[in-house]
Amino acid sequence: GRMKPVIVVHGGAGRIFKEREEGSRAGVVRAVLRGYSILKRGGSALDAVEEAVRSMEDDPHFNAGCGSVLNEKGEVEMDAIIMDGKNLESGAVSAVKCIANPIKLARLVMEKTKHMLLTDHGAHLFAQAMGIPEIPGEKLITERSQERWKKNLEPDSHPEEFQKDLGTVGAVAIDSEGSVACATSTGGLSNKLIGRVGDTACIGSGGYADNRSGATSTTGHGESIMKVVLARLVLYHMEQGMSPEMAADTALDYMKTRVGGLGGVIVVNSSGEWAARFSTKQMSWATVKDDQLHYGIYTGERHTKPVVEALAAESEGF
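Fair warning: this is a prediction, and the values are worked out from it, not measured in the lab. (Residues numbered from 1 in each chain as written. Predicted model: local features only at pLDDT ≥ 70, side-chain atom pairs only at ≥ 80, totals over all residues. Heavy atoms only, no water.)

Overview of the UniProt feature "binding site: substrate" (unreviewed entry) in the protein
Working step 1: Mapped onto the present numbering, the UniProt feature "binding site: substrate" (unreviewed entry) falls on R196, V197, G198, D199, T219, G220, H221 and G222.
Working step 2: Summarising the element assignment, T219 is placed in strand β8 (residues 214-220).
Working step 3: T219 gets classed as buried once you look at its relative accessible area, which sits at 0%.
Working step 4: Looking at T219, its side chain comes within polar contact range of the main-chain nitrogen of A13, at 2.9 Å.
Working step 5: Along the chain, G222 turns up in helix α7 (residues 222-228). (UniProt positions renumbered as here; feature names shortened; annotations may be inferred. Helix = DSSP H or I, 4+ residues; strand = E, 2+ residues; numbered from the N terminus. Buried < 20%, exposed > 50% of the residue type's maximum accessible area, 1.4 Å probe, protein only. Polar contact = N/O pair within 3.5 Å; in protein donor to acceptor, adjacent residues only side chain to side chain.)

Some details on the sheet that holds strand β7 (residues 207-210)
Working step 1: An order of β7-β8-β9-β10 is seen for the 4 strands of this open sheet, with the pairing classed as antiparallel. For this open sheet the edge positions go to β7 and β10 (274-278), each flanked by a neighbour on one side alone. Across the sheet, the axes of successive neighbouring strands diverge by a mean angle of 10°, strand direction being ignored.
Working step 2: The sheet contact formed by β7 and β8 spans 4 bridges and is antiparallel. Directly across from A209, in β8, lies its bridge partner A215.
Working step 3: Contacts from helix α8 (residues 230-239) reach β7, β8 and β9 (263-269) within the one sheet, and its direction differs from that of β8 by about 140°. (Pairing = 2+ DSSP bridges. Axes fitted to C-alpha atoms, helices over the stretch in contact; angles between N-to-C directions. Contact = heavy atoms within 4.5 Å.)

Thoughts on the environment of V228
Working step 1: Inspection of the secondary structure assignment puts V228 in helix α7.
Working step 2: Taking the relative accessible area as the measure of exposure, V228 reaches 11% and is therefore buried.
Working step 3: Considering only alpha carbons, one finds V228 and K281, 53 residues apart in sequence, at a separation of 21 Å.
Working step 4: Filtering out sequence-adjacent residues up to four positions away, V228 remains in contact with L233, Y254, M255 and V259.

Overview of the side chain of N101
Working step 1: With respect to the helices and strands, N101 occurs in the loop between β3 (89-96) and α3 (102-112).
Working step 2: Taking relative accessible area as the criterion, N101 reaches 13% and is therefore assigned buried.
Working step 3: Of note is the side chain of N101, whose polar atom sits 2.9 Å from the side chain of E57.
Working step 4: At 3.1 Å, the side chain of N101 forms a polar contact with the side chain of D58.
Working step 5: Not counting chain neighbours up to four residues away, the residues in contact with N101 comprise R54, E57 and D58.

Observations concerning the UniProt feature "active site" (unreviewed entry) in the protein
Working step 1: Those residues carrying the UniProt feature "active site" (unreviewed entry) are T168 in this numbering.
Working step 2: As for its position among the elements, T168 is in the loop between α6 (159-162) and β5 (169-174).
Working step 3: For T168, a relative accessible area of 4% corresponds to the buried category.
Working step 4: When sequence neighbours within four positions are dropped, the list of residues in contact with T168 reads H10, G11, G12, N63, T184, S185, T186, T200, T218, T219 and G220.

Focus on the sheet that holds strand β11 (residues 282-289)
Working step 1: Strand order in this open sheet of 9 strands is β4-β3-β2-β6-β5-β1-β11-β12-β13, and the pairing throughout is mixed. Of all strands in the sheet, those with a lone pairing partner are β4 (117-119) and β13 (303-306), marking the two edges. Going from strand to strand, the sheet's axes swing by 10° on average, the running direction of each strand aside.
Working step 2: Across 5 bridges, the pairing between strand β1 (residues 6-14) and β5 is antiparallel. Within β5, the residue paired with I7 across the bridge is A173.
Working step 3: Its contacts with the sheet place helix α1 (residues 18-40) against β1, β5, β11, β12 (292-298) and β13, and it is angled at close to 25° to β11.
Working step 4: Against the sheet, α3 makes contact with β2 (78-84), β3, β4 and β6 (180-186), and its axis sits at roughly 135° relative to β3, the strand it touches most.

Digging into helix α2 (residues 45-57)
Working step 1: For α2, built from 13 residues, the straight-helix expectation of 18 Å at 1.5 Å per residue is met to within 8% by its first-to-last C-alpha distance of 18 Å.
Working step 2: Counting buried residues in α2 gives 10 out of 13 residues, a clear majority hidden from the surface.
Working step 3: Of the residues making up α2, those classed as buried are A45, L46, A48, V49, E50, A52, V53, S55, M56 and E57.
Working step 4: Packed against the buried residues of α2 are β1, α1, β2, α3, β5 and β6. (Expected span 1.5 Å × (residues − 1).)

Regarding unusual backbone geometry
Working step 1: Phi at A95 takes a positive value of approximately 55°, unusual for a residue other than glycine.
Working step 2: Residue A95 is classed as buried on the basis of its relative accessible area, which comes to 4%.
Working step 3: Non-glycine residue D120 carries a positive phi angle of around 40°.
Working step 4: By the secondary structure assignment, D120 is in helix α4 (residues 120-129).

Spelled out as structure tokens, the structure:
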């Protein structure tokens, strides 16, 4: 290979409450390091983004997998997508329950079926056929999600207000072969209608990857993201010659002015330039390029340290 691998992850755009900041930072750093170690060994962008997202699905700080928000009935329903920039193959699942890692199931949809998106009961049957272990739904429910759900049920509550700390997790990467991939996973909106599918499972909205231009994963207000097909829009701007940062800002700005939606995107282009941009107050993100780790949560915040140092700290922390 001749490309220097790059990976970028996000842990969701919105409002990250003070007491959850450290956990969110640690979670995106852990995810990006796990994905990067795959790239470093010559692994594929696809494997790297899947691993990074799986790491965040297993972390209760994020609204994906364990820690997902609850729908109106008090259940976890999750969406996920993965896409391979080589051949534009993609796999997605929506409204899945009782599995720990929807991103794994999305990858199986891509590789083991002729389809791109399986939903609800059908996704459940497919998971069984693939031997994915089922876990009791309550295993995915954290105390925090339960409390929020109850609060949102109160007659004078406004669940929209609580949507400010929307979470989705995602990753984009380019490997040493110059191939790109994206992956995105979420528990959706708190107290959403049963069967609601947001942007995450929709190709071009929750994510898009094409070796000719790059890869992107989105987070934020799902319905707004779908209206402007945000992930594809970012790549379109890069195809018109914009840098990843400029393309991300332009697309986010359009979403804000056109439909009043806020969100965030992570991007890597075909030459390995990256960006992590957001119009919300915060977005947890992390990236590794040239063996340097960068991460942050607030606009303008950017910590940098050598990967070796970060890995040493990680192994002590576990």
